[in-house]
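# Structural features, examined
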Amino acid sequence: MNIVVCVKQVMDPDTPISAFIVDEAEKKVIPAQGIPPVVNGYCENAVEAALQIRDQQGEGTITILSLGTDFVMDVMKKPLSMGADKMILIQDESASNLDASGIVNVLSAAINKISDVDLVLCGQQASDWDNAHIPMGLAENLELPCITSALNIEHTEDKLIVQSALPDGYQTFEAPLRSLITVNNLFGEPRYPTLKGIMQASRKSPEIWSIDDLGISKSDLEPSIILSELKIPVSEGNCEIIEGEDDADSGRLLALKLREEKII
Amino acid sequence: MTEILVFCETNEDQLDSTAGELLAAGQKLSSELSLPVSAVIFNPNPDMVLQAGSLGADKIYKVTDPKFQQKTDEIYTHGLFEACKQINPTVILAGKTTLGRNVAARTAYRLKSTVAQDCMDISGDKNSGLISVKRPVYGGNAQAVFTFTNPLNQVVILRVKTFEPLPLDKSKTAEEIDLVISMPEPKLKVIDIVKQEFEGVRLEDAAVIVGGGRGLGGPEAFVQLEELAKILNGAVGASRAVCDAGWLDHSYQIGLTGKTVTPDLYITIAISGASQHMAGCSASKNIVAINKDGDANIFKEASFGVVGDWEQILPSFTATARELTQS
Ligand SMILES: Cc1cc2nc3c(=O)[nH]c(=O)nc-3n(C[C@H](O)[C@H](O)[C@H](O)COP(=O)(O)OP(=O)(O)OC[C@H]3O[C@@H](n4cnc5c(N)ncnc54)[C@H](O)[C@@H]3O)c2cc1C
Ligand SMILES: Nc1ncnc2c1ncn2[C@@H]1O[C@H](COP(=O)(O)O)[C@@H](O)[C@H]1O
């Protein structure tokens, strides 16, 4: 079974707010000094899902696919150290200018170029632009059935049994092997790389592709949506701090204050 | 001339609460673009049609097929896509619900158009017919404005509860049109649906929410939060850190990837107020913060707060609240 996991390198979402800086004129987020990027959290969950499927099967190839500009190899190798087999990086200066449709067109061309792909796994959402629709676009372009927010994936002979989260429960689907599934934190913690995994990953070098290798027509890279403004929202920040003689007293005064304001 | 199409979801035998919000957003756009607002409803009953009309739909497309009883992305994407092919709308509005966001995004790509997700505001330019949307990005650390480049099939997913439904106007009725769509056999088979039983006030509907964070130190603390919630007739919610740690089920999670809530009062206890958390609750009328770190982001969003140890603060707060509300 051939599994492709789409993985994105993003700014660390735990970057303290004070280090989060936007260049409003350039409409860009400035990478925080000294804080390395990370593999998008939900993408790590997707890698974990792929590894579990391969473990169940006892065989299979997991290929990590990523499109970006400034890859940090130590960061991007994490899925390999977790146990993935191969990695393809589409490293291209123009990647940062693509909108979601452009990203979708590049990634689907790449998936078509990797032959015999059965299952495509994606994170549900990338913590930079929070689009949460690149996977939907891939499923549409590649005409794959799509299941989101998987809780559990079981592989039986020629099909998948997938539990997908609902707001108040879950739904179980029977899906063909050739499907696209998105994964988030609900799937469970991604495994830590083992020392052996890290050693093995250090010996693997990713294949580097460029967008030109993929034979995509120029019009498929034209933006359908344009970023026209980017700024840090201002919060009013006029919190009234209630202070009593000690913490317990403050709690009491807080309740009285809320009563006075007719909030409780 | 085309129209603004609202994907109205249904819940059992009524319109979903997002329908009114989306129709209100549609009416706002309608005045900017001078285009009518239409609603598409799958398997509507007469009440839903009346309701959509009185909430702002000028025209209602009714699509009826037993297949729509199964609420899967696949079936509804087919339905919405086929409807859009017949209608050719300028804008398609959907709500950021589990079904809405997936169906709208897939419909956009199937139409070879694009989508803006999790939008908090929307405006249209009359001359070009192009839509601009405002949406939080980077987990809410930044705010972006995006503008579409093609005035056909611009798909916008609105964050739940960002628009207030218009007051019901029962004198308004809409034109009704039956759309015929042929439904193929789905590729995905649903083998079972498990719904959680839920006691007490639903988080999404609660007027008061008591939310707990990682700083509570463990699941035991939630007994005290439950107690306070009960006194205030509210519900308990939590940050993702709490749910990921397994202290509470993920159905309690408030935030970007959890539930969007807009209570009158949201009391946060030992929650830092990360932007991704605030994304789900920043429209609450009053936020109250109890946190030992005076620099925590939550104090930027709260209107009242106490800086200190929740273990000392909460018992006296609860006791006082009990006295006040029972007297
Ligand atoms: C893509 C993405 C999506 C996300 N979606 C969500 C989401 O939907 N919802 C969500 O909540 N988070 C979400 N997060 C996570 C979010 O970034 C934060 O990590 C999370 O909200 C932190 O939870 P917390 O406030 O409980 O924990 P912490 O940030 O660890 O804060 C704990 C707080 O408790 C306080 N504290 C500790 N001890 C005490 C004490 N004794 N008394 C009083 N105060 C005390 C501390 O001062 C601190 O402020 C998401 C992250 C990403 C990257
Ligand atoms: N540039 C990219 N390279 C590889 N995968 C991506 C890229 N952008 C998005 N994805 C995939 O799509 C998921 C959702 O991202 P998004 O739609 O951007 O929020 C991510 O978790 C990845 O699995």
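A brief report on the enclosed structure follows.

Cut-offs applied
Residues numbered from 1 in each chain as written. Chains lettered and ligands numbered in written order. Predicted model: local features only at pLDDT ≥ 70, side-chain atom pairs only at ≥ 80, totals over all residues. Heavy atoms only, no water. Near = heavy atom within 4 Å. Polar contact = N/O pair within 3.5 Å; in protein donor to acceptor, adjacent residues only side chain to side chain. Areas by Shrake-Rupley, 256 points an atom, 1.4 Å probe, with all protein chains shown as cover. Helix = DSSP H or I, 4+ residues; strand = E, 2+ residues; numbered from the N terminus. Nonpolar A, V, L, I, M, F, W, Y, C, P; charged D, E, K, R; others polar. Axes fitted to C-alpha atoms, helices over the stretch in contact; angles between N-to-C directions. Left-handed = near helix turned anticlockwise from the far one by under 90°. Contact = heavy atoms within 4.5 Å. Expected span 1.5 Å × (residues − 1). Buried < 20%, exposed > 50% of the residue type's maximum accessible area, 1.4 Å probe, protein only. Salt bridge = Lys/Arg side-chain N within 4 Å of Asp/Glu carboxyl O.

In the vicinity of ligand 1 there are 27 residues, among which Arg-214, Ser-239, Thr-257, Ser-272 and Asn-291 of chain B approach most closely. Surrounding ligand 1 is a set of residues that belongs to chains A and B. Between ligand 1 and Ser-272 of chain B there is a distance of 2.7 Å, counted from an oxygen atom to a side-chain nitrogen or oxygen. Here a nitrogen atom of ligand 1 sits 3.0 Å away from a polar atom, N or O, in the main chain of Trp-310 of chain B. In the complex, the protein chains occlude 85% of the 990 Å² of accessible area that ligand 1 would expose alone. Elements with a minimum of two residues in the shell around ligand 1: helix H6 (240–244) and helix H7 (275–278) of chain B. Of the residues that constitute the shell around ligand 1, the class distribution is 9 nonpolar, 13 polar and 5 charged.

With that settled, consider the packing of helix H7 (residues 247–260) of chain A against helix H9 (residues 310–326) of chain B. For the pair H7 of chain A and H9 of chain B, interaxial distance at closest approach is 7 Å and the crossing angle is 35°. Helix-helix and strand crossings are classified by hand; for H7 of chain A and H9 of chain B the assignment is right-handed. On H9 of chain B, the residues that touch Asp-247, Ala-248, Gly-251, Arg-252, Leu-254, Ala-255, Leu-256, Leu-258 and Arg-259 of chain A of H7 of chain A are Gln-312, Ile-313, Ser-316, Phe-317, Thr-320, Ala-321, Leu-324 and Thr-325 of chain B. When the residues that make up the contact of H7 of chain A with H9 of chain B are grouped by side-chain class, the tally is 9 nonpolar, 5 polar and 3 charged.

All right, on to helix H1 (residues 41–57) of chain A then. All names here are of chain A. With 17 residues, H1 extends 25 Å from end C-alpha to end C-alpha; this agrees with the ideal 24 Å at 1.5 Å per step. With 12 of 17 residues buried, H1 is to be regarded as a mostly interior element. Those residues of H1 that fall on the buried side of the exposure criterion are Tyr-42, Cys-43, Glu-44, Asn-45, Ala-46, Val-47, Glu-48, Ala-49, Ala-50, Leu-51, Ile-53 and Arg-54. Looking at the residues trailing H1, positive phi occurs at Gly-58, about 80°.

Per the stated rule, a full pass over the model turns up 26 salt bridges over all chains. Of the charged contacts in the structure, one is a salt bridge between Lys-257 of chain A and Glu-240 of chain A, with a shortest N-O distance of 3.3 Å. Residue Lys-257 of chain A is located in helix H7, and its partner Glu-240 of chain A is located in strand S15 (residues 240–241); the two are separated by 17 residues in the primary sequence. Relative accessible area serves as the criterion here: at 14%, Lys-257 of chain A is assigned to the buried category. Of the charged contacts in the structure, one is a salt bridge between Asp-118 of chain B and Lys-96 of chain B, with a shortest N-O distance of 3.6 Å. Highlighted residues: Asp-118 of chain B in strand S7 (residues 115–119) and Lys-96 of chain B in the loop between strand S6 (91–95) and helix H4 (98–110), separated in sequence by 22 residues. By relative accessible area, Asp-118 of chain B is classed as buried at 1%. Exposure remark for Lys-96 of chain B: the relative accessible area of 12% places this residue in the buried category. Each of the salt bridges in this network shares a partner with another, and the network as a whole consists of Glu-240, Lys-257, Glu-260 and Glu-261 of chain A.

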